[in-house]
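Residues per chain, in single letters:
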Amino acid sequence: MALLLQMFYAFLTCIGFSILFNVRGKIMFFAALGGALGTLAYGMSHFLGSGEVVANFFAALAISLFSEVMARVRKVPVTVLLIPGLIPFVPGGGIYFTMLHFIAGDTQNFLSNLVQTVSIAGALAFGTIILSSIVRMYYNVRNIPNRRAS
């Protein structure tokens, strides 16, 4: 039940940021649905025992896959669906606490939060890049004409 509530909140968050980013119509729904599916992947990954960074990586993979598919179905750029879907996973709290510890002079907690925050951001970027590269390679290979030896 808690995971469904998190998915609902992620959906609402993505709706809000879709409005902010001027995404309109049915595309807003699909962008928000991508964020909810990412939350599902994140929650299932945690349930299976993954850490925070790995769970964010799988969430980014799920959002990227959904965005790539829906962008082709709805004929819109992938980033229109991808960016609002990734917003709930941006480590804003981690950035805040990293800077708080830095200003307070707490070096140990600063470095710990810095590594965690950068790792999460890197996992989101890496998951997005990996799936985008796989899709691009698929379409490049699919468009190569068959050459038969004479």
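Up top is the structure these notes are about.
Below, the structure is looked at part by part. (Residues numbered from 1 in each chain as written. Predicted model: local features only at pLDDT ≥ 70, side-chain atom pairs only at ≥ 80, totals over all residues. Heavy atoms only, no water.)

Quick word on the overall build of the chain
For the record, the criterion: Secondary structure elements follow DSSP: runs of H or I no shorter than four residues count as helices, runs of E no shorter than two count as strands, and numbering proceeds from the N terminus. In this scheme, a residue with accessible area under 20% of its type's maximum is buried, one over 50% is exposed, and one in between is partly exposed, where area comes from a 1.4 Å probe on protein chains only. Residues count as neighbours in contact if any of their non-hydrogen atoms are within 4.5 Å of one another. Accessible areas in this description were obtained via Shrake-Rupley with a 1.4 Å probe; residue shielding takes into account the shown protein chains only.
Along its length, the chain carries six helices and zero strands. Its C-alpha atoms put the chain at 70 × 40 × 30 Å along the principal axes. Residues classed as buried in the chain amount to 33% of the 150 residues present. If you take every contact in the chain between residues at least 6 apart in sequence, the share linking residues at least 24 apart comes to 65%. Surface accessibility of the chain: about 9500 Å² in total, with carbon and sulfur atoms responsible for 70%.

Notes on the packing of aromatic side chains
Operational definition: The aromatic pairing rule takes the rings of Phe, Tyr and Trp, using the six-membered ring of Trp, and pairs them if the centres are within 6.5 Å, calling planes under 30 degrees apart stacked, those over 60 edge-to-face and the rest tilted.
For the structure on display, the rule yields ten aromatic pairs. When the ring of Phe17 is compared with that of Phe21, the centres are 6.0 Å apart and the planes differ by 45°; the resulting orientation is tilted. For Phe17, a relative accessible area of 30% gives the class partly exposed. The partly exposed category is assigned to Phe21, whose relative accessible area is 39%. Their ring planes at 45° and their centres at 5.1 Å tell us that Phe102 and Phe110 sit as a pair that is tilted.

Focus: the nonpolar core
Note the cut-off: Joining through side-chain atoms within 4.5 Å is the link that ties buried Ala, Val, Leu, Ile, Met, Phe, Trp, Tyr and Cys residues into a set, and such a set is a nonpolar core.
One finds Tyr42, Ala55, Ala59, Ala60, Ile63, Leu82, Leu86, Phe89, Ile120 and Leu124 forming the largest nonpolar core, which totals ten residues. Of all the secondary-structure elements, those providing two or more residues to this core are helix H3 (52-74), helix H4 (78-86) and helix H6 (107-142). At four residues, H3 tops the list of elements feeding residues into this core. In this structure Ala55 touches Tyr42, Ser45, His46 and Ser50, once residues within four positions along its chain are discounted.

Some thoughts on the pattern of salt bridges
The condition is simple: We define a salt bridge as a side-chain nitrogen of Lys or Arg found within 4 Å of a carboxyl oxygen belonging to Asp or Glu.
With the rule as written, the count across this model stands at one salt bridge. Note that Glu68 and Arg72 form a salt bridge whose closest N and O atoms lie 2.8 Å from each other. Pair noted here: Glu68 and Arg72 are both in helix H3, with a separation of four residues, about one helical turn. Among the residues examined, Glu68 registers a relative accessible area of 9% and is labelled buried.

Describing unusual backbone geometry
One non-glycine residue with positive phi stands out, namely Asn22, at about 65°. Here Asn22 shows up in the loop between helix H1 (2-20) and helix H2 (26-47). Judged by relative accessible area, Asn22 falls into the exposed class, the value being 53%. Positive phi, normally seen in glycine, also occurs at Lys75, with a value near 55°.

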